[in-house]
Number of protein chains: 2
Amino acid sequence: MVKRYLSLCSLEEALNLLKNSFVDPSRTELVPLIESLGRIVAAPIYAKYSVPEVNIAAMDGIAVKSRDTLDASDQSPVTLEECTLVNTGNIVPPSFDAVIMIEDTWQDGEKYLIRKSAAPGQHIRAAGEDIFENRLVLPRGHRIRAFDIGALATYGIVRINARMVNVGIIPTGSELVPLGVRPSPGQVVESNTIMAQVFLEAMGAHCTRLPIVRADPDEIKKAMVSAVETNDLVLISAGSSAGTRDYTSQVISSLGELIFHGVAVKPGKPVMLGKINQKPVIGLPGYPLAAQTALREFAAPLLEAWGLAPAPRHRVRAKLATPLSTDIGFDEFVPVTVGRIGPAYWGVPNSRSSGVQMATIKANGYSHIPAPVEGYSAGHELDVFLTTDPASIERTLIFSGTLDPALEELGIIAHDQGMFIHAVNTGNAGALIALKRHACHAAPMNLPASSLLADCPFILPHLSSMDLAFVHIAMIQQGIASHDSITLEDLTSLRYINTRKDSSTRMAFDQLLDSKGIDPSQIDGYHHEVANLKMVAAAIRNGHADAGMCTSGIAKAHGLEFLPLAREQYELAMHREMLADSRICTLISLINSPVYRNRLEYSGAYDTSRTGKIRSVSGDKTECEITFENNSLVLS
Amino acid sequence: MVKRYLSLCSLEEALNLLKNSFVDPSRTELVPLIESLGRIVAAPIYAKYSVPEVNIAAMDGIAVKSRDTLDASDQSPVTLEECTLVNTGNIVPPSFDAVIMIEDTWQDGEKYLIRKSAAPGQHIRAAGEDIFENRLVLPRGHRIRAFDIGALATYGIVRINARMVNVGIIPTGSELVPLGVRPSPGQVVESNTIMAQVFLEAMGAHCTRLPIVRADPDEIKKAMVSAVETNDLVLISAGSSAGTRDYTSQVISSLGELIFHGVAVKPGKPVMLGKINQKPVIGLPGYPLAAQTALREFAAPLLEAWGLAPAPRHRVRAKLATPLSTDIGFDEFVPVTVGRIGPAYWGVPNSRSSGVQMATIKANGYSHIPAPVEGYSAGHELDVFLTTDPASIERTLIFSGTLDPALEELGIIAHDQGMFIHAVNTGNAGALIALKRHACHAAPMNLPASSLLADCPFILPHLSSMDLAFVHIAMIQQGIASHDSITLEDLTSLRYINTRKDSSTRMAFDQLLDSKGIDPSQIDGYHHEVANLKMVAAAIRNGHADAGMCTSGIAKAHGLEFLPLAREQYELAMHREMLADSRICTLISLINSPVYRNRLEYSGAYDTSRTGKIRSVSGDKTECEITFENNSLVLS
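Quick caveat, the model's predicted, so the values are computed rather than measured. (Residues numbered from 1 in each chain as written. Chains lettered and ligands numbered in written order. Predicted model: local features only at pLDDT ≥ 70, side-chain atom pairs only at ≥ 80, totals over all residues.)

**Here we look at the overall build of chain A**
Reasoning step 1: Scanning chain A for helices and strands turns up 15 helices and 40 strands.
Reasoning step 2: Against the compact-globule benchmark of 26 Å for 636 residues, chain A has a radius of gyration of 35 Å, which places it well outside the compact range.
Reasoning step 3: Oriented by its inertia axes, the alpha-carbon framework of chain A measures out at about 115 × 80 × 45 Å.
Reasoning step 4: Within chain A, the proportion of its 636 residues that are buried is 49%.
Reasoning step 5: For chain A, restricting intrachain contacts to residue pairs at least 6 apart in sequence, the fraction spanning at least 24 positions comes to 75%. (Helix = DSSP H or I, 4+ residues; strand = E, 2+ residues; numbered from the N terminus. Rg over C-alpha atoms; globule rule 2.2 N^0.38 Å. Buried ≥ 20, exposed ≤ 12 C-beta atoms within 10 Å, placed from the backbone. Contact = placed C-beta atoms within 7 Å.)

**Observations regarding the interface of chain B and chain A**
Reasoning step 1: With 92 residues of chain B at the contact, the number on the chain A side is 92 residues.
Reasoning step 2: Looking at the side of chain B that touches chain A, the elements that each hand over two or more residues are strand 11 (136–138), helix 2 (146–154), strand 15 (188–189), helix 3 (192–201), helix 6 (288–305), helix 7 (358–362), helix 9 (405–415) and helix 12 (533–541) of chain B.
Reasoning step 3: It is helix 2 of chain B that provides the largest number of residues to the side of chain B that touches chain A, a total of 8 residues.
Reasoning step 4: Within the side of chain B that touches chain A, the residues separate by chemical class into 42 nonpolar, 32 polar and 18 charged. (Nonpolar A, V, L, I, M, F, W, Y, C, P; charged D, E, K, R; others polar.)

**As for the relation of the copies chain B and chain A**
Reasoning step 1: With an RMSD of 0.2 Å, chain B superimposes on chain A once it is rotated by 180 degrees and translated 0.0 Å along the axis. Put plainly, the chains are arranged around a two-fold axis. Taking the C-alpha atom as reference, chain B places His314(B) closest to the rotation axis, 3.7 Å from it. (Least-squares fit on C-alpha atoms with pLDDT ≥ 70 in both.)

**A word on the sheet that holds strand 5 (residues 78–80) of chain A**
All names here are of chain A.
Reasoning step 1: Spatial ordering of the open sheet is given by 5-9-8, a layout of 3 strands whose pairing is antiparallel. The sheet is open, and its two edges are formed by strand 5 and strand 8 (105–108), each paired on a single side. The sheet shows a mean angle of 35 degrees between the axes of neighbouring strands, taken without regard to direction.
Reasoning step 2: Summarising the sheet, strand 8 and strand 9 (residues 111–114) pair through 4 bridges and their orientation is antiparallel. Residue pairing for strand 9: Gln 107 is matched across the bridge by Tyr 112. (Pairing = 2+ DSSP bridges. Axes fitted to C-alpha atoms, helices over the stretch in contact; angles between N-to-C directions.)

**Let's talk about the domain arrangement of chain A**
For interface size, the figure often reported is the accessible area lost on association.
Reasoning step 1: Looking at the assigned domains, one finds that chain A contains domain 1 (11–25 + 165–305), domain 2 (28–51 + 130–163), domain 3 (56–125), domain 4 (318–393) and domain 5 (420–635).
Reasoning step 2: Centre-to-centre, using C-alpha coordinates, domain 3 of chain A lies 65 Å away from domain 4 of chain A. (Domains from an automatic or database assignment.)

**Concerning unusual backbone geometry**
Reasoning step 1: The omega torsion of the bond from Lys266(A) to Pro267(A) falls at -10 degrees, within 30 degrees of zero and hence cis.
Reasoning step 2: The residue Pro267(A) is located in the loop between strand 19 (265–266) and strand 20 (272–276) in this model.
Reasoning step 3: With an omega of -10 degrees, the peptide bond running from Val51(B) to Pro52(B) counts as cis.
Reasoning step 4: Counting through the fold element by element, Pro52(B) comes out in the loop between strand 2 (45–46) and strand 3 (56–57).
Reasoning step 5: Located in the positive-phi region is Gln278(A), a residue other than glycine, with phi close to 65 degrees.
Reasoning step 6: As for its placement among the helices and strands, Gln278(A) is situated in the loop between strand 20 and strand 21 (279–284).
Reasoning step 7: In this structure Gln278(A) comes out as exposed when scored by C-beta crowding, with 11 C-beta atoms within 10 Å.
Reasoning step 8: Positive phi, close to 55 degrees, is recorded for His438(A), a residue that is not glycine.
Reasoning step 9: With 17 C-beta atoms counted inside 10 Å, the residue His438(A) sits in the partly exposed group.

**Details of the pairing of strand 16 (residues 206–209) of chain B**
Residues and elements named next belong to chain B.
Reasoning step 1: Only one face of strand 16 is buried: it carries Cys 207 and Arg 209, and the other face, with His 206 and Thr 208, is open.
Reasoning step 2: Judged from the 4 bridges that link them, strand 13 (residues 166–171) and strand 16 form a sheet pairing that is parallel. Paired with Asn 166 across the bridge in strand 16 is His 206.

**Focus on the packing of helix 3 of chain B against helix 6 of chain B**
Residues and elements named next belong to chain B.
Reasoning step 1: Running from N to C, helix 3 and helix 6 point in directions that differ by 30 degrees, and their axes come no closer than 11 Å. Between helix 3 and helix 6, the angle is such that the two are roughly parallel. As for the relative orientation of helix 3 and helix 6, their crossing is right-handed in sense. Taken together, the residues of helix 6 that come into contact with helix 3 (itself represented by Asn 192, Met 195, Ala 196, Phe 199 and Leu 200) are Pro 288, Ala 291, Leu 295, Ala 299 and Leu 303.
Reasoning step 2: Looking at the contact of helix 3 with helix 6 residue by residue, the classes come out as 9 nonpolar, 1 polar and no charged. (Parallel < 35°, antiparallel > 145°, perpendicular 65-115°, else oblique. Left-handed = near helix turned anticlockwise from the far one by under 90°.)

**What to know about the confidence of the model for chain A**
Reasoning step 1: On average, residues of chain A carry a pLDDT of 90, and 94% of them reach 70 or more.
Reasoning step 2: Reported confidence for the predicted complex is 0.91 by ipTM and 0.91 by pTM. (pLDDT = per-residue confidence, 0-100.)

**A few points about the packing of helix 3 (residues 192–201) of chain A against helix 2 of chain B**
Reasoning step 1: Interaxial distance between helix 3 of chain A and helix 2 of chain B falls to 8 Å at its minimum, and their mutual angle equals 160 degrees. As the angle between them shows, helix 3 of chain A and helix 2 of chain B are arranged roughly antiparallel. Between helix 3 of chain A and helix 2 of chain B lies a crossing whose hand is right-handed. Judged by residue contacts, Asn192(A), Ile194(A), Met195(A), Val198(A) and Phe199(A) of helix 3 of chain A engage Ala146(B), Phe147(B), Ile149(B), Gly150(B) and Ala153(B) from helix 2 of chain B.
Reasoning step 2: Of the residues in the contact of helix 3 of chain A with helix 2 of chain B, the class split is 8 nonpolar, 2 polar and no charged.

**Focus: helix 1 (residues 11–20) of chain A**
Residue and element names in this part refer to chain A.
Reasoning step 1: Every buried residue of helix 1 is listed here: Leu 11, Ala 14 and Leu 18. In an axial view of helix 1, the angular spread of the buried residues amounts to 65 degrees, which keeps them on one side of the axis. Exposed and oriented more than 90 degrees from the buried face of helix 1 are Asn 16 and Asn 20. (Arc of directions from axis to C-beta.)

**Quick notes on the pairing of strand 17 (residues 233–237) of chain B**
Residues and elements named next belong to chain B.
Reasoning step 1: The element strand 17 is extensively covered by neighbouring structure, given that 5 of its 5 residues are classed as buried.
Reasoning step 2: The alternating pattern of strand 17 places Leu 233, Leu 235 and Ser 237 on one face and Val 234 and Ile 236 on the opposite face, and all of these are buried.
Reasoning step 3: As judged from the 5 bridges shared by strand 13 and strand 17, these two strands associate in the parallel manner. When the sheet's bridge partners are listed, Pro 171 is paired in strand 17 with Ser 237.
Reasoning step 4: Where strand 17 lies against strand 21 (residues 279–284), 4 bridges are found, and the strand directions are parallel. Counterpart to Ser 237 in the pairing with strand 21 is Leu 284.

**Examining the sheet that holds strand 21 of chain A**
Residues and elements named next belong to chain A.
Reasoning step 1: In spatial order, the strands read 16-13-17-21-20-18; together these 6 strands make up an open sheet with mixed pairing. Strand pairing shows two members of the sheet lacking a second neighbour, strand 16 (206–209) and strand 18 (257–261), which therefore form its edges. Pairs of neighbouring strands in the sheet enclose a mean axial angle of 20 degrees, with direction left out of account.
Reasoning step 2: The pairing of strand 18 with strand 20 spans 4 bridges and is antiparallel. Within the sheet, the bridge partner assigned to Phe 260 lies in strand 20 and is Leu 273.

**Quick look at the environment of Leu179(A)**
Reasoning step 1: The topology assignment puts Leu179(A) in the loop between strand 14 (176–177) and strand 15 (188–189).
Reasoning step 2: Exposure remark for Leu179(A): the 18 C-beta atoms within 10 Å place this residue in the partly exposed category.
Reasoning step 3: Expressed as a C-alpha distance, the spacing of Leu179(A) and Pro211(A), which sit 32 residues apart in the sequence, is 11 Å.
Reasoning step 4: Leave out the neighbours within four places in its chain, and Leu179(A) touches Val189(A), Glu190(A), Ile194(A), Leu33(B), Ala153(B) and Val158(B).

**A word on the environment of Ile584(A)**
All names here are of chain A.
Reasoning step 1: Within the fold, Ile 584 resides in helix 14 (residues 582–591).
Reasoning step 2: On the basis of neighbour counts, which here come to 20 C-beta atoms within 10 Å, the residue Ile 584 falls in the buried class.
Reasoning step 3: Sequence spacing of Ile 584 and Ser 450 is 134 residues, and the spatial spacing of their C-alpha atoms is 25 Å.

See below:
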């Protein structure tokens, strides 16, 4: 393997090099006021005239000289010698300095009589009340808001002198096809430069995307020369195919200087910085999440140093719902999904595989784990920068436990109610830990088919310390999936594929062997383990094994034969007080809905005869049934 | 005066009527992916194909069958019968289920030898690792983010089915001129519909603004009929001139139904709602801040009920820096400027005059004070919804005390350092209260010219309880401004204009009368008080008085004669620990800068010989001098 990075730069060093190696192009443009939302003011904006320009009546009444009214009282009314009628919005002549409302005056022939003195300035919108001519409205660097635009129009501003930067973006890679073309297997849509354009234009940059350049040094060089000539900053996006990145660094070195190649940051390690004709060239890694880091942590700060501004960044403090281990020496950026459980915010770290864009889509924020940190244990509090409306936190439910396709079906119908279920696969054991910590809204679990919770050996020890409720989702059929139809007697003569020791199917399989008196060593592949039931089915379908244990639903989805063996209950465990949470009530009513049952039954893998039933274990370990009727809970 | 509102609707009633009187037009449009930032997804988006579509090598190496490798170890290496070379990004054929890195293999003639087993799936990006074909990417109602767009491109999405609403906006009012025309006194630029368009388009609406309609019922009716025909929602913006609003309600009643006119909300009371051809018509008040309330609290929630979404709304808890009194029975919306003082957030309520748009511009947020509340005392904690980046809070300095133009000059140069000074006029007494509460960063005060702080009678009682530092801004000349040149002897024979009892000029004037043995009753206008020194000068200039006390700078700015009488120091008082705050350090270095001194001297009103000097009173009331050198403080 080729060693790509001779030495990794730290994030801090890289940012210093980025900010100190180039001269601000100080580019601005005149933007029509009505198109200026979100743009950054390049030079202070002053009012063209005072608003109002003269004193204006704020009421219908008479304009008076306040000094003439000083002695007026109920006992000694004053007849005004000088005054004039004004309506709201009329100009008040400078010789008058107050307005008296018409209902506070009495007519005395042609003249007006008053019984109360008027304070100077009363009921007058004074000239300059809003702003005086030539006074500062907005300073340099301000990001224009919608309501600023109304005020600027009022103050006579027609165009905004806004900060701008020209950015050229070059996509490279032989495996890329442009948006709109269906990629063949092994090809990918060129999406990184689209993302770069949208992200940087929201900061006020003007982006020009070049056509895709194949992995050819001469072609890359030609595109680079042209992009550098017409832009202040060039981004070159490397494909993920072998070689492309090396061509990019070669091209930069041949045309100018390669300042760094490789930064101790994850994802985004292959990011590079060059200087050609005094202009910065940033090399974006090919993997999408790595490219995101390069855009957010490198391109954006450079544009910020040049006077543009990123979208407002809002932060919440959240506790880690699951442990997070990171590489010491690397600044890591982790997509995080935050939900509120009781009064506390909890964050679930998402996949950090740099090709998994769904990790960013599912997250409502991200965290920056500094280089000296090796990771955090569950419960550790950290900053999460939000990527969505904070209201999304309220709509997020965190599940921790054993995942099953039945949960995905629930997630789809919950989405349409504006709720987002974020489920982490921690197994039955993880479910109980998360419940103990109050680090999840609910914990999906596989339980034995028995109706008595006390029959679940791994739950029993926890029943006294937690007051749990269990919402029944469905009865699931376990069994052996195989390519060709088999019987139990065939088990010792075929290639088996196994699952992890803590899974309920593995436990059921071990029980089966025990009850049949079969020694595991008789099973070819007993030690050949995959991580989940879908991988069992996929291995059988792809010919890597002949049989393995999974559920009837998964076997059916993979077109496999199925030998039913045992039934288990799929249930959602939660603290009983959670039943009072309106989001959980909505969720339970969704589980109870015919729509959800129909979806489960349609798949052919679930028995939904008890779906939506709730049972609860109170402190003294006796069970009671809870039914959910018309949005309220009934105990029986 | 005409009573406009027969009965006011409560905000809650009004919102119920708004949300329940109309049918969602359910309008959507197809938006090219690259233009979809911030748009709301109208129908769930599913992946067009799996990503990756097939298993892909994540490393350079050999693709193997993991089952073949089960027994490999250092003691008993395994020679692979079946395997194939793959590079990163290459397709791994389904007959192989793992990749072994090339450096972990040994060549054995034509064949490869390994010493370690491979786990199923090892170094493979599995088909569907990111997402499976037809799986949900984004649910209905999601607001598209920049990084979503990259993922959507990858998943083959080319266009977004986005929520949309057509909004017609009619400006009315005879005092209006269009943007780009210089208004004459008494005219205003038609800015409310510009603000409405920008605000609602940011939510995803399409707005059509009609030309300005004069205050004429037939013209308004014609415009309304046309706008209702082609839009889902019509906004009609009334001018602030008398009559316009009544025409609007007449027109709505004649074409359809007036649902409400007048809501118990401030600003924004005149807002109205009508229904014409089953479509909603919202009447926006003419005053800009009232129009803002109507847009944010009425138009936006209606569009939200129709599937659009406002920009994310972020919130901070802040303590009130000054008391806030509100009208019981009215829901009030108050522009608030939030700053951080030590660990606490403090909010200053801004002007609520509905014509003062600068109040919204200067604020970084707003608070909603519910109708049952009469107001809050200083220190009360309340929610502030931010209208800027939260980082703006860190750049905001709150001053409370006696204001002087010297502070505005400081504000202008501080702006260019990215700092925002928000100064509240609370007088010298208010300055001391704010310091006691730690509710300001610094408190500008007028002090006697003496160099000994103990000579300030109103500070003396506080010196033992607070450890204060005083930064000298300038020496200010007080005296009597007049239209024609006068002497002290003329005081009893001319029309005087006075200021508030707690102002230092008023105190100086009273001392002067005392020392000269003049009885206040001898002064014509002694009881004729205005709120500040600028109003004193304006009253003299406009002929409402002949003389009054102010500073040489203000007199000069108003073109008045000036009789110098006393000197006072303008100083910035702060808790001594505040000197360690980096923002205060920047501020003091700005006060020390030649730029600032030059600006003060240019105005001709200040003596800057001691500008930037700091004195401090330690706990034992002895004074010491602090100098500020090279960004650090030196005590002497």
